[in-house]
Amino acid sequence: MTRHFLRDDDLSPAEQREVLDLAARLKADRFAERPLEGQKTAAVIFDKTSTRTQVSFSVGVADLGGNPLIMDSKNSQMGGKESISDTAKVLSRMVEMIVWRTYAHAGLEEMAAHATVPVINSLSDDFHPCQILADLQTIREHKGELAGLTASYLGDAANNMGQSYLLGFATAGMHIRVAGPAGYHPRADIVEDARRIAAETGGSVTVTEDPVAAVAGADAVITDTWVSMGQESEKAERVATFGAYRVTPELMAQAKDGAIFLHCLPAYREYEVAPEVIDGPQSVVWDEAENRVHAQKALMAWLLAQS
């Protein structure tokens, strides 16, 4: 059976641990796995601009022995003259894997429904599961065993990061708290899914409007840009709305001693995070960025082995 990774809970808790263990091994020994030796090809498709996603998947596919075929959907027939389902069938005859950074999550679901090779969500409007694997790897490197740790995510809790943190961190057995203003909370069905997972793993899920309560005693404090791609016209409104959720040294002081700070980048200093935090000693954002390569290599190798 072909395995896909479209949202964080597509991996069971045990499978997530397997991927993270492999990510640690690949970070220590970069070429330990070469499932794309040959040279086999992985299609890496972009509907949205990218730095970390494009570089990390390109490097990762090459490290695994393969050829990354970078595709700009604007210069292909996909979704225009040719349906997503037909594209999936064509690509499945030519490549070993499909990685897609896109807008509507439904497109990924359609691609996976018709592909006979693994499909990976490298970002959609609803989820960013590859980033969460990198974040989990980073937290584990700095804090050890994930189960039982508390992480707090502040800002736009209705975006793809807020929703993926709920699912991915609950899968890891962590206590995940997301804080955002009214009207910017995760979808109710995703909160329910995360709580169901947490009940099985010993974690917990908290959704709140109180940033101080969310951060109190946390092992990791996380934020993301307040103005995502396509929301530029809302910048002034969003800056005013999310002002109380800015991660400052004073807010970090409410977390546990030795708490770490994460941000998936790009970051906008003086908006969602103070420079003293992201550029300070508690910040692990550069480890987090590097770990995109290792976590995604592990995911690709694992999916290929399972499929």
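Further up the page is the structure itself.
The rules we used
Residues numbered from 1 in each chain as written. Predicted model: local features only at pLDDT ≥ 70, side-chain atom pairs only at ≥ 80, totals over all residues. Heavy atoms only, no water. Core = buried A, V, L, I, M, F, W, Y, C linked by side-chain atoms within 4.5 Å. Buried < 20%, exposed > 50% of the residue type's maximum accessible area, 1.4 Å probe, protein only. Helix = DSSP H or I, 4+ residues; strand = E, 2+ residues; numbered from the N terminus. Contact = heavy atoms within 4.5 Å. Salt bridge = Lys/Arg side-chain N within 4 Å of Asp/Glu carboxyl O. Pairing = 2+ DSSP bridges. Axes fitted to C-alpha atoms, helices over the stretch in contact; angles between N-to-C directions. Expected span 1.5 Å × (residues − 1). Arc of directions from axis to C-beta. Right-handed = clockwise from strand over helix to strand, strands pointing away.

Caption draft 1: The nonpolar core, seen in detail. Of all hydrophobic cores here, the largest spans 58 residues; its most connected members are Ile120, Ile139, Phe169 and Met174. The element that contributes the greatest number of residues to this core is helix 12 (residues 285-306), accounting for 7 residues. Excluding anything up to four places from it in sequence, Ile120 contacts Phe5, Phe57, Met97, Ile98, Val99, Trp100, Leu108, Cys130, Leu299, Met300 and Leu303. One finds Val221, Leu265, Val273 and Val277 within the second-largest nonpolar core, a separate group that totals 20 residues.

Caption draft 2: Structural detail: the pattern of salt bridges. Inspection of every chain in the model, using the stated rule, returns 17 salt bridges. The residue Asp63 makes a salt bridge to Arg30 at a minimum N-O spacing of 2.8 Å. Highlighted residues: Asp63 in helix 2 (residues 52-63) and Arg30 in the loop between helix 1 (13-28) and strand 1 (41-46), separated in sequence by 33 residues. In this structure, a network of salt bridges that share partners links the residues Arg7, Asp9, Asp193 and Arg196.

Caption draft 3: How the structure looks around the sheet that holds strand 9 (residues 260-263). Across the sheet, 5 strands lie side by side as 7-6-5-8-9; this open sheet has parallel pairing. Two strands lie at the open edges of the sheet, namely strand 7 (204-208) and strand 9, each paired on one side alone. On average, each strand axis in the sheet is tilted by 20° relative to the strand beside it, whichever way the strands run. Pairing of strand 5 (residues 150-154) with strand 8 (residues 220-223), which is carried by 4 bridges, proceeds in the parallel orientation. Residue pairing across strands places Ala151 opposite Ala220, the latter belonging to strand 8.

Caption draft 4: Unusual backbone geometry, seen in detail. Here the bond from Gly38 into Gln39 is cis, since omega is 0°, no more than 30 degrees from zero. Within the secondary structure layout, Gln39 lies in the loop between helix 1 and strand 1. At the junction of Leu265 and Pro266, the peptide bond is cis and its omega measures out at 0° in the coordinates. Summarising the element assignment, Pro266 is placed in the loop between strand 9 and helix 11 (275-278). In this structure, Leu265 is a non-glycine residue whose phi angle is positive, near 70°. As for its position among the elements, Leu265 is in the loop between strand 9 and helix 11. Judged by relative accessible area, Leu265 falls into the buried class, the value being 12%. You will see that Glu270, though not glycine, has its phi angle at about 80°, which is positive. Mapped onto the fold, Glu270 is located in the loop between strand 9 and helix 11.

Caption draft 5: Region of interest: helix 1. Here helix 1 spans 23 Å end to end across 16 residues, near enough to the 22 Å set by a 1.5 Å rise per residue. Listed in full, the buried residues belonging to helix 1 are Glu15, Gln16, Val19, Leu20, Leu22, Ala23 and Leu26. In a view along the axis of helix 1, the buried residues occupy a sector of 160°, so they form one face of it. If you follow the buried residues of helix 1, they end up packed against helix 5 (129-143), helix 6 (160-171) and helix 12.

Caption draft 6: Region of the structure containing the pairing of strand 6 (residues 175-179). Both strand 5 and strand 6 contribute to a ladder of 5 bridges, which runs parallel. Residue pairing for strand 6: Ser152 is matched across the bridge by Arg177. On the question of chirality, the crossover connecting strand 5 to the parallel strand 6 by way of helix 6 is right-handed. Pairing of strand 6 with strand 7 involves 5 bridges; the strand directions are parallel. Counterpart to His175 in the pairing with strand 7 is Ser204.

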